Amino acid sequence: MRTRNIIFVYGTLKRNQLRSHLWPHPPVDIRPAVIRASLFDLGPYPAIGPGEDYVLGEAWELLEEHMPSTIELLDRVEGYDALGVDNEYLRIRVKLLYEDGSTGEADAYQFAAKDQLVRFRRMIPNMKFRDLLAASWPDLHSRVPHTFEEE
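What you see is a predicted model; the values in this text were computed from it and never measured. (Residues numbered from 1 in each chain as written. Predicted model: local features only at pLDDT ≥ 70, side-chain atom pairs only at ≥ 80, totals over all residues. Heavy atoms only, no water.)

Participant: I'm lost on unusual backbone geometry in this one. Help?
Facilitator: Among all residues save glycine, negative phi is the norm, and among peptide bonds the norm is trans. In this structure, Pro138 follows Trp137 across a cis peptide bond, with omega equal to 0 degrees. When you line up the elements, Pro138 lands in the segment after strand S8 (132-135). In this structure, Asn16 is a non-glycine residue whose phi angle is positive, near 65 degrees. Positive phi outside glycine occurs at Arg130, with the angle close to 55 degrees. In this fold, Arg130 is placed in the loop between strand S7 (127-129) and S8. (Helix = DSSP H or I, 4+ residues; strand = E, 2+ residues; numbered from the N terminus.)

In structure tokens, the structure reads:
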């Protein structure tokens, strides 16, 4: 069996969102999952920062051989350069909790300027996930872009 890898997304890279078509390879599986973080609405897209809320998103499982090109593309989309100091987002490892109670790990993108998140609306957990409440983007107050020009 081939090794698979997972990327956790919580915003415009989710299915049916603006950037969902940018994935360079089809996933093996997409499952709802939560992570521990705080979720912020930055206007046309969200960001996570350190926190203890549950944040609902999607765990995209990809084949090992698809990870290098997928990570390269997502790093560009998220404004992350491993050698850079002026990143918009940082790629981090997160712990996942799935609907069936199983756990795992994934790569995710966290807002780099964590101290700047106080300027944005923190999204309050209000979505039911198992026996938890989780924050989820978009919510009723989010401005969801449908084209790149709307960002």
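Participant: Sorry, what's going on with the side chain of Glu78 here?
Facilitator: Positionally, Glu78 belongs in the loop between helix H1 (67-77) and strand S4 (89-98). The buried charged residue Glu78 lacks any salt bridge, with Arg19 as its nearest oppositely charged partner at 6.6 Å. Discounting chain neighbours no more than four positions away, the residues touching Glu78 are Leu13, Glu88, Tyr89 and Tyr109. (Buried < 20%, exposed > 50% of the residue type's maximum accessible area, 1.4 Å probe, protein only. Lys, Arg positive; Asp, Glu negative; His and termini not counted. Salt bridge = Lys/Arg side-chain N within 4 Å of Asp/Glu carboxyl O. Contact = heavy atoms within 4.5 Å.)

Participant: Can you help me understand the pattern of salt bridges in this one?
Facilitator: When charged atoms on two side chains of opposite charge get close, those side chains can pair. Taken as a whole and assessed by the stated rule, the structure comprises 10 salt bridges. Measuring nitrogen to oxygen at the nearest pair gives 3.4 Å for the salt bridge that ties Arg93 to Glu105. Here Arg93 is found in strand S4, whereas its partner Glu105 is found in strand S5 (residues 103-111), with 12 residues between them in sequence. For Glu105, a relative accessible area of 44% puts it in the partly exposed group.

Participant: I'm lost on the packing of aromatic side chains in this one. Help?
Facilitator: When we look at a pair of aromatic rings, we describe it by the centre distance and by the angle of the planes. Considering all chains together, one arrives at 4 aromatic pairs under this definition. Seen from their ring centres, Trp23 and Trp60 are 4.0 Å apart, and the 5 degrees between their planes marks the pair as stacked. Taken together, the positions of Trp23 in the loop between strand S1 (4-9) and strand S2 (29-41) and Trp60 in strand S3 (residues 46-63) put the pair 37 residues apart, joining distant regions of the chain. Each member of the pair, Trp23 as well as Trp60, is classed as buried. Here a set of aromatic residues connected by ring pairs shows up, and it is made of Tyr89, Phe111 and Phe120. Geometry around Tyr98 places Arg31 over its ring, the cationic atom sitting 3.7 Å from the centre. (Phe/Tyr/Trp six-rings, centres within 6.5 Å; stacked < 30°, edge-to-face > 60°. Lys NZ or Arg CZ within 6 Å of the ring centre and 35° of its normal.)

Participant: Sorry if this is basic, but what is going on with the nonpolar core here?
Facilitator: Side chains of a nonpolar character, in soluble globular proteins, are inclined to be buried together. Counting residues in hydrophobic clusters, the biggest one holds 37 residues, and the most contacted among them are Ile7, Phe8, Trp23, Ile35, Leu39 and Leu96. Secondary-structure elements contributing two or more residues to this core are S1, S2, S3, H1, S4 and S5. Setting aside chain neighbours within four positions, we find Leu96 in contact with Ile6, Phe8, Ala33, Val34, Ile35, Ala59, Ser102, Thr103, Gly104, Glu105 and Ala106. Counting 6 residues, the second largest nonpolar core, distinct from the first, contains Val34, Leu97, Leu132 and Ala134. (Core = buried A, V, L, I, M, F, W, Y, C linked by side-chain atoms within 4.5 Å.)

Participant: Sorry, what's going on with the pairing of S8 here?
Facilitator: Successive side chains on a regular strand alternate, one facing one side of the sheet and the next facing the other. In terms of strand pairing, S3 meets S8 through 2 bridges, oriented parallel. For Val55, the partnering residue across the bridge sits in S8 and is Ala135. Where S7 and S8 come together, 3 bridges link them in antiparallel fashion. When the sheet's bridge partners are listed, Phe129 is paired in S8 with Leu132. Taking the residues that link successive antiparallel strands as the turn, the S7-S8 hairpin has 2 residues, and the phi of Arg130 there is positive, at about 55 degrees. (Pairing = 2+ DSSP bridges.)

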